[in-house]
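Tertiary structure, described
This is what each chain is made of:
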Amino acid sequence: MGTVSRGLDSQGYIEREGSLGRVGDAFRPVVAAARDRVAETFGKRLDSAYLYGSVPRGAARAGRSDLDLLLVLRAEPTPEDHADADAVATAVDKEFTEVDGVGILLASRTAVLSDLETYDLGWFVACLCTPLLGEDLAEFLPRYRPDGLLARETNGDLALFLPRWREQAAAAADDPQALRALVRRASRHLVRTGFTLVMPRWGGWTSDLTEMAAAFARYYPEWADAMRAAAALALDPVADAAALREYTDVIGPWLAEEYTAVHGAKTPRPQQAGPGAH
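My aim in this report is to walk through the structure given alongside it, one point at a time. Predicted model only: the values in this text are computed from it and were never measured. All residue numbers refer to positions counted from 1 along the written sequence of the respective chain. Selection of residues for local features in this predicted model requires a pLDDT of at least 70, selection of side-chain atom pairs for listing and counting requires 80 or more, and totals for whole chains, interfaces and linings are taken over all residues. Hydrogens and waters are ignored; side-chain quantities use all the structure's heavy atoms.

Of all seven residues making up strand 3 (residues 102-108), seven are buried, and the element is well covered by its neighbours. The cut-offs for exposure are 20% and 50% of the maximum accessible area for each residue type, with area from a 1.4 Å probe on protein chains only; residues under the lower value are buried, those over the upper are exposed, and the others partly exposed. For helices the rule is a DSSP run of H or I covering at least 4 residues; for strands it is a run of E covering at least 2, with both sets numbered from the N terminus onward. Where burial is concerned, the two faces of strand 3 agree: the one with Val102, Ile104, Leu106 and Ser108 and the one with Gly103, Leu105 and Ala107 are both buried. Two elements, strand 2 (residues 67-73) and strand 3, share seven bridges in a ladder whose sense is parallel. Note on strand 3: the bridge partner recorded for leucine 71 is leucine 106. At least two bridges found by DSSP between two strands is the condition for calling them paired.

Here we take up the nonpolar core. The nonpolar side chains of a soluble globular protein tend to be buried, and buried together. Only buried Ala, Val, Leu, Ile, Met, Phe, Trp, Tyr and Cys residues count toward a nonpolar core, and they belong to the same one when joined by side-chain atoms within 4.5 Å. Counting 61 residues, the largest nonpolar core has Leu70, Trp123, Phe124 and Tyr247 as the members making the most contacts within it. In terms of residue count, the dominant contributor to this core is helix 8 (residues 176-202) (eleven residues). Filtering out sequence-adjacent residues up to four positions away, leucine 70 remains in contact with Ser48, Ala49, Tyr50, Tyr52, Leu105, Leu106, Ala107, Phe124, Val125 and Cys129. Val31, Ala49, Val55 and Ala60 belong to the second-largest nonpolar core, a separate cluster that totals 27 residues. By the convention used here, residues are in contact when the closest approach between their heavy atoms is within 4.5 Å.

We now examine helix 3 (residues 79-95). In this scheme, a helix's expected span is set at 1.5 Å multiplied by one less than its residue total. Spanning 17 residues, helix 3 covers 24 Å between terminal C-alpha atoms, matching the ideal 24 Å at 1.5 Å per step. Of the positions making up helix 3, those classed as buried are Asp81, Asp84, Ala85, Val88, Ala89 and Val92. Viewed along the axis of helix 3, the buried residues span an arc of 135°, placing them on a single side of the element. Helix 3 presents Pro79, Glu80, Asp86 and Lys94 as exposed residues on the side facing more than 90 degrees away from its buried surface. Those residues of helix 3 that are buried are in contact with helix 1 (28-42), strand 2 and strand 3. Taking the helix axis as origin, the arc is that swept by the directions to the C-beta atoms.

That is the geometry; function is a separate question.
This is how it looks when you write it as structure tokens:
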């Protein structure tokens, strides 16, 4: 089947997705503004900056998709760094109606290139991130296959997120905007975890959430409707507290247990620094 090799090169390694050349015309001014604000704000603190998500893949929808960036700093991110990143994100989001939110992750160069993060944050940079500013750290990272090791280290910690989502949902109960943002985040995380559960069997890579849900459904048809619903909410989120309860109390616990049974638990981290934190 044609989809089985999607996202892999001729040797079976995951190809880097996205490029600046794929950024749609509607998003080019947004990306340029984000790049300039990041460079001006972070200056010598910045090692490199990357785009990831639908914008560099050319799949973004004007007014409906968000803009995602990863900033790699020369030192470990501080509270000041996080505050500056939030300020940049807020400014770009307010300036451009083309994007529905701006998210900025921070990490250090040391973390990206550490042995602990080779198959999580390192893989994220090497395969899912598009260079925007500075040195491309992918040059110092290995190539990756869609195997069980990658599955374990990327999403083998779903159980840690379920209680957080419960707490965040309770805190956002009277804030539809915050609840909608949480639904988007949790839905994406759930779908990606479902996909990486079956990724080694499926034999390829995709970041398309609809395709991820379809791949998962081939192996777990009893959960197919729930995963497709999560993919739909990830793409068009609404403030749906019931969906979050479904994630935290029904499909999430099952998925976390099944994931550990199939791939094992993710190597413990002092703190979650990789893409799962987004």
